[in-house]
Amino acid sequence: MNELNRRNFIKRSAAFAASVIVAPSLIPASALGKNGSVAPSDRINLVMIGSGNQGLNDMGEFLKDSRVQITGICDVNKMSGGYWSGNMGGREVGIKKVNDYYSELYQKNYTGCKGYEDFREVIARKDVDAVEVVLPDHWHSIPVLMAAKAGKNIYCQKPLALTIPEGIAMANAVKKYGVTFQTGSQQRSDENFRRVCELVRNGRIGKLLTVECGLPAGTPDYGKTGNLTNTMPVPAGFDYQTWLGPAPDAPYCPARTHVNFRWVLDYSGGQLTDWGGHHPDIAQWGMDTEHTGPVKIQNAKVEWAVHPIWNSAAHYYFECVYANGVKLIISDKLQSGVTFRGTEGWARGNRGSHTVFPESLRETVIKPSEIHLYKSDNHFRNFIDCVISKKETIAPVEIAHRSITMSHLGNIAMKLQQDLNWDPKKEQFIHNDLANSMLKRKMREPWASIYKQLLVS
Amino acid sequence: MKKYSFLAIACVIMLALFSACKSGADHRALIITGQNNHNWKVTTPIFKVLLEQTGIFSVDVAVSPDKGGDMNKFTPKFSNYEVIVLNYSGDSWSEKTKSEFIEFVKNGGGVVVVHAADNSFPDWPAYSEMIGLGWGRTEKDGPFVYFKGDKMVIDTTAGPSGGHGERQEFTVRTRNTQHPITKGLPPRWMHGKDELYSKLRGPAKNMEILATAFAPPGKGGTGRDEPILIVTNYGKGRIFHTVLGHGDVDGGPAIQCAGFIVTLQRGTEWAATGQVTQKVPYDFPTAAGTSLRVNYQEMTLEDDLIKIGGYDITKSTKYFVDLQSRIRAEGTTPEKRQQFEHFMIELLENKAATDEGKKLILRELSWMGSDLSIPVITKLLQNPALKDDAKFALARLQPTK
Amino acid sequence: MTDKSTRRDFLKKSTAISAGAFLLPQIIPSTALGMGGKLPPSDRIIMGAIGVGSQGTGNMGTFLEHIKEVQFVAVCDVDSNHSKNAKGLVDAANKNSDCRTYSDYREFLEKEKLDAVCIALPDHWHGLIYSAAANKKLDIYGEKPLARTIYDGRAIVSAVKRNNIVWQTGSWQRSTPNFHRAVELVLNGRIGKVTRIEVGLPDGNKGVGTPPIKEVPANLDWEMWLGPAPKVPFRGVVHWQWRWILDYSGGQLTDWAGHHIDIAQWGIGMERSGPVEFSGEGVYPREGLFNVPVEYNINCKYANGIEMRVANSSQLPTKNGGATWYGEKGWINVDRGRLIASDPKILEEVIGENEIHPYKSINHVGNFLECVKSRGETVAPVEIAHRSISVGLLGEIAMTTGQKFQWDPVKEEIIGNPVASRLLVRPYREPWELPKI
């Protein structure tokens, strides 16, 4: 089967998508492999761009989906420690994981997973249908812009982007090129969060007053490299300069890279933006403000990390006020999860559970005539479903961009220690040039020029 | 772990037998909130549910503008309600709203003042008079009032009012067990961890202190018996003032306490109507300890039996004590005791119920059971873990054998 | 006087002069006295002790102060640490190392040839062991409360009477001047006709939590400690702490019923009868292993109309502990170390020769020993002990059932309430059998 045929297959499948569960016999036998599964040549070819801890987790999920074939792993690091719990990660680890999985599945030695160091090589390939961008935050926008331009379907990890303008650029590109885009805000595919949001949207807690997002604190040393802060030679097999990419040049030390990149503001926004792609995302879902944002950020308080390399917020608090008066509070000092408080009750979503008050809300039935939210029970399958159906995913780019905006605004308010008025339409601070100047980050060349060329409106 | 569950039939019968018929939400209550140095967003929905639970109130919530907002816009229609529940401590109301409130109370409207609401409006003499005692008052407003032994002390020493020691569980002493609100309450009961308000002062006119608690000096207290539940009259209106109810992140022990809940419910009914029709529930706290309602709901007999069915020695015995209290209060005739016995037998027959739970039931059946129980208890003689307890019960139920 | 029967004969001879013995001790024949006025060892009262924990050794210590009159030869306890300790006390007093130790009271009673025994055990063991000792015709100094149930109490009374032994209950308040004086004043109408009584007992339940299951220590025979009570795993709850578990005790109520209710009934001449109506409410713990009431409040009424309230004292309006009699002319309150009245003059009243003089004892153990010799009745005889604890036990039944009921103190039956009647007895765990009445 050539490229065109594979695409046809995907379209045909889309036509059947609705009936698949009811009448699987409608799938043409030719589309099925011997044991009834999708034949490898008919699957969606996906390449993981990033093979660190999150990349390794996510590839496990895609491997389980028989409609997907992971054909390649891209990472600038061949293999090393410094990932989750100090464990090994990198390109070779990912390739081995994929090959092992398929060898077991096909009951024969499989070596088909290809390694890449440069994501541009992946995007240039015509036989790649989809990519997952699972890189440090400073490396989200450029690969996504390129992949979208190349017509690739994209699963991109949250937080969507390092800055608000990069998020806008990504949303514009995805829209322009019409590719399917899923953000890794997988809490949207957890029925607990969906239920809580449906309760709120349907007025079950009365008039909504406040939403509280309780996020984790600190800068935990996930990579077990926190004490390795002295400059040292870059290990063999690690393209550190490309790892830095558009971020400012910096001498190499292990504490800076891999999973611990999270605590360095040049690459990320700390716990706040890590979890900012989750709980505030749910908050906006419940508040029905997914396509807009707050009008004011106030009362920001912060304790920055004390560390030679790490400088993200260890403790943080700020309030986002919306046009209708509802206040969204984001802090590490709140009860973990997303708590919606109304005049007649509250509802809190958390991973795998939710709490409601009064208890009777647990049993309340959302009538057919009421608001029913997008239902997805598996975030990865939802992406593949949508690649096939061309429908919108549960966590599309524009919503993800709006979700992470509050965390970016919060980081700026915490740096400036002032209340900030925000225009969610123009996505600019009102009468505050200093704050506006902090919205974007200067990129290093050549990436600054490449990025500029990729911008579309 | 197996979850102990009950047969559906049992539930249906039980509901028919035991659920008290509520007369319908005849009374209208308004909770006023929107500003408070406490988390009113947490407590307001809870208070609303607590009042609705009684089955006699329909409850609205009026949210004031934020602190510093335009209070002229805040004009609740007091006259639409029988009782106003104040979960409010903040900016002064407009003169118009204030005078409407005074009119409302003078004409017989009820008011309930919860916890920090007695910090409100120190410059509004009519409000000070309504609450009797409060925070932020001085000798100009009236004396400190507290108890020393069995005597109420009127203390005219100068000084500002209000304070509390560290948060703690404390014993509330019911000073008047004949007032409609406190009738039938135990003389002493443990309240869940809360702020123990102290050094309250005010006009103290037409006021009675229904309950007090000793504020131990070791925990920053005054060493006095401080007022906890207060009633006053203002014009034809009745005011119930509870200093309890410091709401935590999601409520917390102060407002999960069945003592707080029940006195709030009873006090609100009294403020609205002058009488109290609610029964004192079985889980009202006692001197033996606090009684916290995790979901703000009274345990039903079914809940109790389910918990007893899952009992082991590491778990609370409160459900069993609750069942015993029900049997004592309601099992006054052989027929009524048999209604309980049916469910207890069912528990004994249920394979998912624990042996420890069955032992409790066997002991209780040993005195209040009837011939109905004998076959199932006889069967338990075959169970090595329950043999002794089954024999114990049978020896009492069949003394001649 | 080498064997038991001759020793008995000696004691019987003493009985002939019993009335005079108290007033005129010099009448005791000098031949009966050993050197230095001390009874020769063979003439001393041979005693043993069952239950030699803190209360038991305390009692034994008091007996050992009467070393001229008693000789301890054996002790019995299910805890070998206790019996070792008690043997030490006995051997020190006897200046030898002959005291024998037992862990099983049956073996103790079988092997030892004794005149008298002092017994201090958890309440759930009283019925069996008091009866067994009485059936061995031993005189008994037994700890209060007499029994865990009305049934056990009646069985003990019948065994004591059947065997015609001397019995003293450990209700020692009867042998102290302030309680005696209070009773004397009330009995002689110094506060007028008594209308009601308040008995204030200590608050609460001092057990805390649920101690974890532990290995039974080598020194303890746990199975024997439990005896007729339900079998439960060992949680270190023995000695003292048993007081807070209903299988073994009724808590402060039954502990103290043997003291203050005992005094209260003495003061109104009801010590061999009892109230005719009971009601009560208890507050029970909601957590943990310990399940005796934290608060208790019992109301009862005597046939003559006197009402009595028994409660933990903080529930009483006066908060007074002890017994308070309210009469038409005033009130008297007596507690340990306290005797007060509505008018202090009441306390100075002289009791005339022709008035009522309640039994006077100034030494509780001494009174027992006198009676062992005289075969007379002690200041705290078994029937009275039974009637004192009956009020506490019937109050407990009223609290358990939540029902008001009538009591016939003559037949000792709850009238017309078969459900409450079941609580008059606690069945025993096999192989133990209820003592026969």
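Predicted model only: the values in this text are computed from it and were never measured. (Residues numbered from 1 in each chain as written. Chains lettered and ligands numbered in written order. Predicted model: local features only at pLDDT ≥ 70, side-chain atom pairs only at ≥ 80, totals over all residues.)

What follows covers the packing of helix α5 (residues 141–149) of chain A against helix α6 (residues 164–177) of chain A. Residues and elements named next belong to chain A. Relative to each other, α5 and α6 sit at 10°, their axes nearing to 9 Å. Classified by the angle their axes make, α5 and α6 are roughly parallel. From α5, Ser141, Val144, Leu145, Ala148 and Lys149 reach across to α6, where they touch Glu166, Ala169, Met170, Ala173, Val174 and Tyr177. Among the residues forming the contact of α5 with α6, the class breakdown is 8 nonpolar, 1 polar and 2 charged. (Axes fitted to C-alpha atoms, helices over the stretch in contact; angles between N-to-C directions. Helix = DSSP H or I, 4+ residues; strand = E, 2+ residues; numbered from the N terminus. Parallel < 35°, antiparallel > 145°, perpendicular 65-115°, else oblique. Contact = placed C-beta atoms within 7 Å. Nonpolar A, V, L, I, M, F, W, Y, C, P; charged D, E, K, R; others polar.)

Our focus in this paragraph is the domain arrangement of chain C. Residues and elements named next belong to chain C. In terms of domain boundaries, chain C breaks down into domain 1 (4–173) and domain 2 (177–353 + 382–424). One C-alpha centre belongs to domain 1, the other to domain 2; they are set 27 Å apart. Every contact between the two is made by 29 residues of domain 1 and, on the other side, 33 residues of domain 2. If you list the elements that add at least two residues to the side of domain 1 that touches domain 2, you get α4 (80–94), α7 (150–163) and β6 (167–169). Element by element, the count of residues in the side of domain 1 that touches domain 2 is highest for α7, at 7 residues. Among the residues making up the side of domain 1 that touches domain 2, the classes are represented as 13 nonpolar, 11 polar and 5 charged. (Domains from an automatic or database assignment.)

What follows covers the interface of chain C and chain B. Each partner contributes to the interface: chain C provides 20 residues, whereas chain B provides 24 residues. Broken down by class, the residue content of the side of chain C that touches chain B amounts to 9 nonpolar, 5 polar and 6 charged.

Bringing the interface of chain A and chain B into the picture now. With 13 residues of chain A in contact, the opposing surface of chain B contributes 13 residues. Put simply, the parts of the chain that give the side of chain A that touches chain B at least two residues each are β7 (208–214), β11 (337–342) and β12 (345–350) of chain A. When the residues that make up the side of chain A that touches chain B are grouped by side-chain class, the tally is 5 nonpolar, 5 polar and 3 charged.

This next bit is on the arrangement of the chains. Inter-chain contacts occur across 2 pairs of chains; the most extensive set of contacts lies between chains B and C. Across the gap from chain A to chain C, with no contact made, the nearest C-alpha atoms are 24 Å apart.

Bringing the sheet that holds β12 of chain A into the picture now. Each strand in a sheet pairs with another by means of backbone hydrogen bonds, the pair being arranged parallel or else antiparallel. Taken together, the 9 strands give an open sheet; going across it, the order is β13-β12-β11-β7-β10-β9-β8-β14-β15 (chain A), and neighbouring strands pair in mixed fashion. The two strands at the open ends of the sheet, each matched to only one other strand, are β13 (353–357) and β15 (428–429) of chain A. One ladder, built from 6 bridges, connects β7 of chain A with β11 of chain A; its direction is antiparallel. Residue pairing in the sheet places Thr210 of chain A in a bridge with Arg341 of chain A of β11 of chain A. Packed onto the sheet, helix α2 (residues 40–53) of chain B meets β7, β11, β12 and β13 of chain A and runs at close to 60° relative to β11 of chain A. (Pairing = 2+ DSSP bridges.)

We now examine the confidence of the model for chain B. Chain-level pLDDT for chain B is 91 on average; 94% of the residues reach the 70-or-more range. Between residues 1–22 of chain B, whose pLDDT stays under 50, and residues either more than four places distant or in other chains, the model counts 21 contacts. (pLDDT = per-residue confidence, 0-100.)

Residue and element names in this part refer to chain A. With 6 of 6 residues buried, strand β1 (residues 44–49) lies mostly within the body of the structure. Across the two faces of β1 the burial is the same, with Ile44, Leu46 and Met48 and Asn45, Val47 and Ile49 all buried. Pairing analysis gives 6 bridges linking β1 to strand β2 (residues 68–74), with the strands arranged parallel. Residue pairing for β2: Ile49 is matched across the bridge by Cys74. Considered for its hand, the β-α-β crossover made up of β1, helix α2 (residues 53–63) and β2 is right-handed. Sheet topology note: the β1/strand β4 (residues 130–133) ladder contains 4 bridges and is parallel. Directly across from Met48, in β4, lies its bridge partner Glu132. (Buried ≥ 20, exposed ≤ 12 C-beta atoms within 10 Å, placed from the backbone. Right-handed = clockwise from strand over helix to strand, strands pointing away.)

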